Amino acid sequence: MRFGVLGTVEVWRGNERLEVGTPRNRAVLARLLLSPGRVIPVDQLLDDLWEGDPPPQALSSLRTFVCRLRRVVEPPAQEPGRPSVLITEPRGYVLRVEEAALDSARFERLLQQARAATEPRTALDLVDEALGLWRGPAYAEFAHTLWARGEATRLQELQLGATERRLDTLLALGRHAEAVPALEAHARAQPTREEGWRLLALGLYRSSRQGDALAVLAEARRYLADELGVDPGPELRKLEADILAQTAELDLPPAPVATRKPVARLRCLGRDDQLAAAGAAMAAAESGTGGSLLFDGVPGAGKTQLLRGVEALADMRGFQVAQAQAHPLESEYDYGVARQIFEPILYALPAQERQQLLSGTVEPAADIVWHNRPSSGGPDALHALYRLAVRLAERVPLLILIDDLQWCDPGSLRWLAYLARRIERAPLLVAASRATGVPAGDGQLLESLCSIFGLVRLGGLPREAAAALAGELLGAEPEPAFISSCLRETGGNTFLFTEHMRAQGAGERSTSIERWVAGQLRHAGPGAAALAEAVAALDHDAEFHAVADLAGLPDSQAAAALSALVGMGILGDGSPLRFTQPVVRRAVLEGVRAGVPQFALSP
């Protein structure tokens, strides 16, 4: 059983979204969820639900509502008359809900973990996961009531703080091109929050837009004075003084370009052919014949680690490397990937050299990748970005790396297509990875781009590579039968093989595989989690129509979810339906049994 309050109040059993009933039934549930595990006195419930004026029959009505709710929230096999979730106490009622089953509690737990994280990238992942739990305003249909208003406001404050923490972490990682557009929207949507103005001004300053940063601080000062009658707080005043003085503590050190450490050997085991293809493309680029490569494989095949190996190879050959990581939360930021690629390089250049680089035919690109100003995205912008890439490559051979191309924003996809058709005479190589089958925001545009790139497919780990990887991970040569078992369980999927082996060696359940599988089911789109759980439950009887019925999906939605899961290599396309890796089926079943929230997705 899972309860949701970060949006409308909802209840799920497994993958089934349950119908709670009338608005008054939902109000009773929402009021109990405000204090899970605590007894709410009957008098308090009556007073809250009828806003201080309960009618004579209110107590009888409350008992009826509670009875109806029990039919929803109690386990189907629960003995009648012995409730275990919604319990009657001498003074009132209590709803017993585990922390993992309530999305608001899960949200706060993830924020605590993010605050304790010492690595910014880890903190960013945790905050992203926490924000992904929100479906709308907390207690949406009851936020106006006196009894829910305080908690809804508290949760909203935590959400806004998490949003600011995410943007602050992006700035700390040097990803100003991603952070500034989001900060522009956040600061103006929440103008009374000084932290939003501070982060926006800092991001603009680190983008070499000192004038714009000071203008933002002046705008914040005017708003606070006009609307609230107060002066900016000490943090804003200090930032303004530091910007005027160009204090060194505001700057991030430029990222080194050619001092990256080579990728560990085990991370590219079994990928000699793919690295050889990249090396040949680099050799061609060095001689002035540019090209583009697409590393295509199912989720977990090791595409990201392969790109790191390509990066290390480029470093050794003296290439300048520019890279971007596409993400589903940022797929609507137009030219977001292009900004990731160019901004760190531009930031590291002296001002005069940067100005020369962005002059002439490249000038329209400056608005996109440096000034973060809106652009029409027309032919002039595409050509300017193309010319900027060529100018950089003419200085030193350039490698552009893009991970998870399926989540790239449309503007950057159009630019990459424009670039790929015109780089045959430039010392430039574009290498990207794509997760096969993962639904894309603009699938047609993505497929058009991928058809231009040279395709390099990633299959499963060869047995020799798997044995070598196992030896490196376990510190000893494993038995051949153990290797065969791990390959059979994981289908040679690099991520699954690695995590399964670690779990087997430690004698533990692999929660990392469960989290990964849950993430892939989310990426697969609506209905995918329900379909996967039905296939896991039915096992040998998993015929399509039986699976669709158990999942509660119409045939059309079930077919779409099946197509995505087959494309991603999670399910096979035969009949009955089967998981391609047994370890994934077990992860789905274990996730459901353990109440992992990600496995309780509604169709």
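In the block above lies the structure referred to throughout.
Quick notes on the rules
Residues numbered from 1 in each chain as written. Predicted model: local features only at pLDDT ≥ 70, side-chain atom pairs only at ≥ 80, totals over all residues. Heavy atoms only, no water. Helix = DSSP H or I, 4+ residues; strand = E, 2+ residues; numbered from the N terminus. Rg over C-alpha atoms; globule rule 2.2 N^0.38 Å. Buried < 20%, exposed > 50% of the residue type's maximum accessible area, 1.4 Å probe, protein only. Contact = heavy atoms within 4.5 Å. Areas by Shrake-Rupley, 256 points an atom, 1.4 Å probe, with all protein chains shown as cover. Lys, Arg positive; Asp, Glu negative; His and termini not counted. Charge placed at Lys NZ, Arg CZ, Asp CG, Glu CD. Core = buried A, V, L, I, M, F, W, Y, C linked by side-chain atoms within 4.5 Å. Pairing = 2+ DSSP bridges. Phe/Tyr/Trp six-rings, centres within 6.5 Å; stacked < 30°, edge-to-face > 60°. Lys NZ or Arg CZ within 6 Å of the ring centre and 35° of its normal. Expected span 1.5 Å × (residues − 1). Axes fitted to C-alpha atoms, helices over the stretch in contact; angles between N-to-C directions.

Engineer: Would you mind showing me how to read the overall build of the protein here?
Structural biologist: Along the backbone of the protein there are 26 helices and 11 strands. Radius of gyration (C-alpha) of the protein: 27 Å, near the 25 Å computed for a compact globule of 603 residues. Overall size of the protein, expressed as C-alpha extent along the three principal axes, is 85 × 75 × 45 Å. Taken over 603 residues, the protein has a buried fraction of 50%. In the protein, once contacts between residues fewer than 6 apart in sequence are set aside, the share between residues at least 24 apart is 70%. For the protein, the exposed area adds up to about 27,000 Å²; of that, 51% sits on carbon and sulfur atoms. Counting 63 positive and 75 negative side-chain charges, the protein places the centres of these two groups 1 Å from one another.

Engineer: Where do I start with unusual backbone geometry in this structure?
Structural biologist: Residues Ser 575 and Pro 576 are joined by a peptide bond in cis, for which omega reads 0°. With respect to the helices and strands, the residue Pro 576 is situated in the loop between α25 (555-567) and α26 (582-593). Positive phi values are uncommon outside glycine, yet Tyr 139 reaches one of about 50°. In this structure, Tyr 139 sits in the loop between α5 (120-131) and α6 (146-172). A residue is classified by how much of its surface remains accessible, and Tyr 139, at 1% relative accessible area, is buried. A positive phi angle is found at Tyr 335, which is not glycine, with a value near 65°. With respect to the element layout, Tyr 335 can be found in the loop between β8 (320-325) and α13 (336-348). A residue is classified by how much of its surface remains accessible, and Tyr 335, at 4% relative accessible area, is buried.

Engineer: For this particular structure, what's the right way to read the nonpolar core?
Structural biologist: What tends to happen in soluble globular proteins is that the nonpolar side chains get buried as a cluster. Formed by 90 residues in total, the largest nonpolar core has its most connected members in Phe 342, Leu 405, Trp 415 and Leu 428. Per element, the largest residue contribution to this core is 10 residues, and it comes from helix α16 (residues 379-395). Those residues in contact with Leu 405 that sit more than four places away from it in its chain are Leu 294, Leu 413, Leu 416, Ala 432, Ser 433, Arg 434, Leu 446, Leu 449 and Cys 450. Residues Leu 18, Leu 111, Ala 138 and Tyr 139 belong to the second largest nonpolar core, which totals 50 residues.

Engineer: Sorry if this is basic, but what is going on with the sheet that holds strand β6 (residues 92-95) here?
Structural biologist: Either a parallel or an antiparallel arrangement is found when strands of a sheet pair, and the pairing is made through backbone hydrogen bonds. The strand order across the open sheet built from 3 strands is β4-β6-β5, with neighbouring strands paired in antiparallel fashion. Whereas interior strands pair on both sides, the edge strands pair on one side only; in this sheet they are β4 (40-41) and β5 (86-88).

Engineer: For this particular structure, what's the right way to read the packing of aromatic side chains?
Structural biologist: Enumeration over the complete set of coordinates arrives at 6 aromatic pairs. Taking 6.5 Å as the distance between ring centres and 25° as the angle between the ring planes, the aromatic pair formed by Trp 50 and Phe 65 counts as stacked. Residue Trp 50 is found in the loop between α2 (42-49) and α3 (58-73), and its partner Phe 65 is found in helix α3; the two are separated by 15 residues along the sequence. Taken as a pair, Trp 50 and Phe 65 share a single burial class, namely buried. Judged by centre distance (5.7 Å) and plane angle (35°), the rings of Phe 142 and Trp 147 are tilted. Just as Phe 142 is buried, Trp 147 falls in that class too. Across from the ring centre of Trp 12, 3.9 Å away, lies the NZ or CZ of Arg 2, which sits over that ring. For Arg 422, the ring lying beneath its charged end belongs to Tyr 418, and the centroid distance is 3.5 Å.

Engineer: Please clarify how the environment of Val 390 should be interpreted in this entry.
Structural biologist: Mapped onto the secondary structure, Val 390 falls in helix α16. Classification of Val 390 by relative accessible area gives buried; the value is 5%.

Engineer: Sorry, what's going on with α6 here?
Structural biologist: Residues lying three or four places apart along an α-helix face the same way, a consequence of the helix completing one turn every 3.6 residues. For α6, spanning 27 residues, the distance from its first C-alpha to its last is 40 Å, which sits close to the expected 39 Å at 1.5 Å a residue. Restricting attention to buried positions, one finds in α6 the residues Trp 147, Ala 148, Ala 152, Leu 155, Leu 160, Ala 162, Glu 164, Arg 166, Leu 167, Thr 169, Leu 170 and Leu 171. At the C-terminal side of α6, Gly 174 shows a positive phi close to 80°.

Engineer: Sorry, what's going on with the pairing of strand β7 (residues 291-297) here?
Structural biologist: Across a regular strand the side chains alternate sides, sitting on one face of the sheet and then on the other. Within β7, 6 of the 7 residues are buried, which leaves the element mostly enclosed by the surrounding structure. Examined bridge by bridge, β7 and strand β10 (residues 428-435) share 7 bridges and lie parallel to one another. Bridge pairing links Leu 293 to Ala 431 in β10. Sheet analysis places β7 next to strand β11 (residues 454-457), joined by 4 bridges and oriented parallel. Each residue of the ladder has a partner; that of Asp 296, found in β11, is Arg 457.

Engineer: Which parts of the structure should I look at to understand the sheet that holds strand β3 (residues 16-18)?
Structural biologist: Within the open sheet, the 3 strands sit side by side as β1-β2-β3. Their pairing is antiparallel. In the strand order of this sheet, the two ends are held by β1 (2-4) and β3, each with one partner. In this sheet, neighbouring strand axes are inclined to one another by 30° on average, regardless of whether the strands run parallel or antiparallel. Of the strand pairs in this sheet, β1 and strand β2 (residues 10-13) are connected by 3 bridges, and their pairing is antiparallel. In the strand pairing of β2, Phe 3 is matched with Val 11.

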